[in-house]
Amino acid sequence: MKSILFLVFLLTVIGCSPARRMSRELQTSPTYTDHFTGVALYDPGQKRALIQHNADKPFTPASNTKLFSFYAGLLSLHDSLPTLRYITRNDSLIFWGTGNPLLLHPDLPDTTALAFLRSRPERLFFSPANYTGPRFGPGWAWDDYNDDYSAELAPLPVYGNVVRFSAGKTSPARFTDSTHTVADAPGGVYRTEFGNQFVRPANDKVKRQDVPFRWSGELAAQLLADTLHRAVGVVKMPIVANARLLRGSSTDSLYKRMLFVSDNQFAEQVLFMASTEHSTGPLDPLAELRRTADSLQHTTTFKGSARWVDGSGLSRYNQFTPNVLIDLLSRIYARVPQQRLFALLPAAGQSGTLKSLDMKGKPYVFAKSGSMTGVYNLSGYVLTKRNRLLYFSIMHNNFTQTVSEMRRRTAELLKEVHERF
């Protein structure tokens, strides 16, 4: 009789376990069934999955893809970022870009390259010949060319490859003469699709707007010359094997901005810089993407369950399952000490793209979000009240509600995890 009572008690406890109750909610509550929801919750201490809800189904990840670019950087980049490759020939210095996006960047500038070029007595020549790939990633929306999140891919980004407009100001100033004021222009600044002609409204009430410009080697050289106050020529010279490498600012400064504000350009250019670290040949960001993917392919979780095509997550061709994200989070945590990792990731309710999440008190969620129309995902680490560290990936696709509503539902789910586990 006692054994039967104990069995009944045990079944009751198991049936009411937090994981069992939350799994049932995920299957039955309209909060999660009115669209496509996937949830994976993993306990690294016990090495077991706690919740698996559509965890092996592919989802559009949006900016959760940046976690893969982060991992690619961890595998390939040094503590300081590659800035330029260069050689000297007689009285000339010829340099190539490494994909580093910080040269004259409006928010996170690195002056290493400028100081180096200013100090050189030789004539300066820039060669863009080490990258001949496309200006956009696979599957990017062509009509997003005017939006700040669609800066063009380039071997030597300058000013973040955007023009910054504010009240009465244009930076870089070179674009002032190609900006025209139109009385009946709609709100905001617009650029011609295939040129660098800009239109801004006559009322000039633009507080601040970043508009990508069409990048070219000639334009990059002109912008550099404007800043250096010396000529910078352009040559189409293939990069040579003995080109020397100049290093600049810390890698973590780039990672932090990439993850905090979900900077698409930084995520894409990480793959360019990883290519620089692996070869003195032409820049091949897609090869770096494949290299990183190959390092994950031996796991059954990744193999056949993922499709990765760009660094930022702008493409809807990307497909990852929640369990693939869990595996990635495990690999990242194994490489980066917790204190450093949590300083690089946004803290829910406190910083970055997670600042608006309704989570009061000491931060307990450190994660990367990803959103676009019909997509909201959050993957990262959660600390529970019982001092457990758990990995999670919560993915919402194919909803018609606002992204802010999905953000709210995700916050509520993570509050439950924090309280119950």
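This text follows the structure it describes.
What you are looking at is a predicted structure, and each value in this text was computed from that prediction instead of being measured.

Peer 1: Help me get a handle on the overall build of the chain, residues and values and all.
Peer 2: Scanning the chain for helices and strands turns up twelve helices and 18 strands. Once the C-alpha set of the chain is aligned to its principal axes, its extents read approximately 95 × 55 × 35 Å. Within the chain, the proportion of its 421 residues that are buried is 55%. The long-range fraction of contacts in the chain, counting pairs at least 24 apart against all pairs at least 6 apart in sequence, stands at 68%.

Peer 1: Which residues make up the sheet that holds strand 7 (residues 169-171), and what values do they have?
Peer 2: Taken in spatial order, the three strands line up as 7-6-11 in an open sheet, and their pairing is antiparallel. One side of each edge strand has no neighbouring strand; the edge strands of this open sheet are strand 7 and strand 11 (208-212). The sheet shows a mean angle of 20° between the axes of neighbouring strands, direction not considered. One ladder, built from three bridges, connects strand 6 (residues 162-166) with strand 7; its direction is antiparallel. Of the residues in strand 7, the one forming a bridge with Arg164 is Ser171.

Peer 1: Lay out the pairing of strand 3 (residues 80-89) in plain terms, naming residues and giving numbers.
Peer 2: Counted residue by residue, strand 3 has seven buried out of ten residues, so it is predominantly covered. Relative to strand 13 (residues 244-250), strand 3 runs antiparallel, the two being bridged by five bridges. Paired with Tyr86 across the two strands is Arg244, which belongs to strand 13. In terms of strand pairing, strand 3 meets strand 4 (residues 92-97) through six bridges, oriented antiparallel. Bridging across to strand 4, Arg89 finds its partner in Ser92. Counted along the chain from strand 3 to the antiparallel partner strand 4, the turn is two residues long, and its residue Asn90 has a positive phi close to 55°.

Peer 1: A description of the environment of Gly73 should follow, citing residues and the corresponding values.
Peer 2: Topologically, Gly73 is positioned in helix 4 (residues 66-76). For Gly73, a relative accessible area of 0% puts it in the buried group. Considered as a pair, Gly73 and Thr60 are 13 residues apart in the sequence and their alpha carbons are 22 Å apart. Other than its neighbours up to four places away in sequence, Gly73 contacts Tyr255 and Val270.

The rules behind each value
Residues numbered from 1 in each chain as written. Predicted model: local features only at pLDDT ≥ 70, side-chain atom pairs only at ≥ 80, totals over all residues. Heavy atoms only, no water. Helix = DSSP H or I, 4+ residues; strand = E, 2+ residues; numbered from the N terminus. Buried < 20%, exposed > 50% of the residue type's maximum accessible area, 1.4 Å probe, protein only. Contact = heavy atoms within 4.5 Å. Pairing = 2+ DSSP bridges. Axes fitted to C-alpha atoms, helices over the stretch in contact; angles between N-to-C directions.

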